[in-house]
Amino acid sequence: MAERMTVSYQKKPCYDIVFERDFQALAEELNTLDVSHKKLCIVTDSNVGALYGDEVVKTVSSVCAGTDVFTFPAGEENKSLDTVKALYSFLIEKHYTRKDCLIALGGGVTGDLTGFAAATYLRGIDFIQIPTTLLAQVDSSIGGKTGVDFDQYKNMVGAFHMPRLVYMNLSTLSTLEPRQYYSGFAEAMKSALIRDARYYEWLVANLYEICDRDPDAMEEMVRRSCDIKRKIVENDPTEKGERALLNLGHTIGHAVEKASSFTLTHGECVALGCVAAAFISWKKELLPMEEYYEIRDMFVPFNLPISVDNLDRGQILELTKSDKKMEAGHIKFVLLQKIGKAVLDTTVTEEEILAAIDEINFMEEDGHE
């Protein structure tokens, strides 16, 4: 029997997160959703489709009325309205109706894009998440946040739309390139920092097992991260308050991501953003200095950056002002009072932001001092 976790919405069970190590139970899970009369469109990118497309198509086809596959080129640059438009056209040409369903097979880009298309096609149809990256499994596949980038501004266009099911085949993590695997770890670390000091200690204690991709360690990491996010999104499904804590590291992180033209991964930028947020927390006397340095240094063993070369500090500052988390003209920052306790703060000044950018900014001349 698979381990599962039920996510509630408005105090009622909404969907299950299912933790498996293969795709064998997927057909049974789909049967519980009564898809026998539905057409299912699998949305995937060119990388993931090549790895898992045939197996998932075979499984899905055995339980539903018809199966189609929409494949788009892999890459953050394709998380766009143009790709959504192409998907709309595909669904219209294939005569998809409100009773049909989309399946997101892939990482965070695929899940966010598919969820947004499902939220808006015919004013909303069902969708299912099958996340195949660590980042998607520990974070983006849960909670119903969907969206696409607009002119490279992250997730500027989106909707809240809950999936019917999140099916995690944890063995897909073994096929990730190292950089993508560690990128996902940044979101796991973020979860621990905002809500669970014991989980943070577990991550540190199991450093070698996580880096070696031990199956039991990966399952524990994914499950505990999901449980943190589940509890938060149940309390605040549409980000009116507490859910904003999940944005730790994302304000400056998104700005760095855009400034790098997405040459840095999302997780790498979240790690940089977490270091910057922890630095601001220390300077505002919320976080002890020792904890700031511990947080900063703990990203290093997981192959995540704590500095980046030659940032344009003025550009990063301006990009933070374009962030969708602005509130009444103030940037809504997530800061840390201690490991395991995050708070929202709208008092962060431009000077404090610039100081944090300088902290993660490795200028060439710094190396010659």
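Nothing here was measured: the structure is a model prediction, and the numbers come from that model. (Residues numbered from 1 in each chain as written. Predicted model: local features only at pLDDT ≥ 70, side-chain atom pairs only at ≥ 80, totals over all residues. Heavy atoms only, no water.)

Digging into helix H2 (residues 46–61)
Point 1. In the structure, H2 departs most strongly from a straight axis at Tyr52, where the bend amounts to approximately 60°.
Point 2. Regarding H2, the residues found buried are Val48, Gly49, Tyr52, Gly53, Val56, Thr59 and Val60.
Point 3. Against helix H1 (26–32), strand S3 (39–45), strand S4 (66–72), strand S5 (101–106) and strand S6 (126–131) lie the buried residues of H2.
Point 4. N-capping of H2 is provided by Asp45, with a side-chain oxygen placed 2.9 Å from the backbone N of Asn47. (Bend = angle between axes of the 7 residues up to and from the residue. Helix = DSSP H or I, 4+ residues; strand = E, 2+ residues; numbered from the N terminus. Buried < 20%, exposed > 50% of the residue type's maximum accessible area, 1.4 Å probe, protein only. Contact = heavy atoms within 4.5 Å. Polar contact = N/O pair within 3.5 Å; in protein donor to acceptor, adjacent residues only side chain to side chain.)

Comments concerning the nonpolar core
As a rule of thumb, soluble globular proteins bury nonpolar side chains together.
Point 1. Grouped together as the largest cluster of nonpolar side chains are 83 residues, with contacts concentrated most on Ile17, Phe185, Met221 and Phe302.
Point 2. Among the elements that line this core, the one with the most residues is helix H11 (residues 266–283), at 12 residues.
Point 3. Leave out the neighbours within four places in its chain, and Ile17 touches Glu3, Arg4, Met5, Val7, Ile142, Val166, Met168 and Cys226.
Point 4. Counting residues in hydrophobic clusters, the runner-up holds 24 residues, among them Ala2, Ile42, Ile128 and Ile130. (Core = buried A, V, L, I, M, F, W, Y, C linked by side-chain atoms within 4.5 Å.)

Quick notes on the packing of aromatic side chains
Point 1. Scanning all chains against the criterion turns up 12 aromatic pairs.
Point 2. On the numbers, 6.4 Å between centres and 20° between planes, the contact of Phe23 with Tyr167 is stacked. Pair noted here: Phe23 is in the loop between strand S2 (12–20) and H1 and Tyr167 is in strand S9 (residues 165–169), with a separation of 144 residues, a long-range link. A single burial state applies to Phe23 and to Tyr167, both of which are buried.
Point 3. An aromatic cluster is built from Phe279, Trp282, Tyr292 and Tyr293, whose rings are joined through pairwise contacts.
Point 4. A cation over an aromatic ring shows up here: Lys39 above the ring of Tyr96, its NZ or CZ 4.6 Å from the ring centre.
Point 5. For the cation-ring pair, Lys258 lies above Tyr153, with the distance from its terminal atom to the ring centre recorded as 4.7 Å. (Phe/Tyr/Trp six-rings, centres within 6.5 Å; stacked < 30°, edge-to-face > 60°. Lys NZ or Arg CZ within 6 Å of the ring centre and 35° of its normal.)

Shape descriptors only; they carry no functional weight alone.
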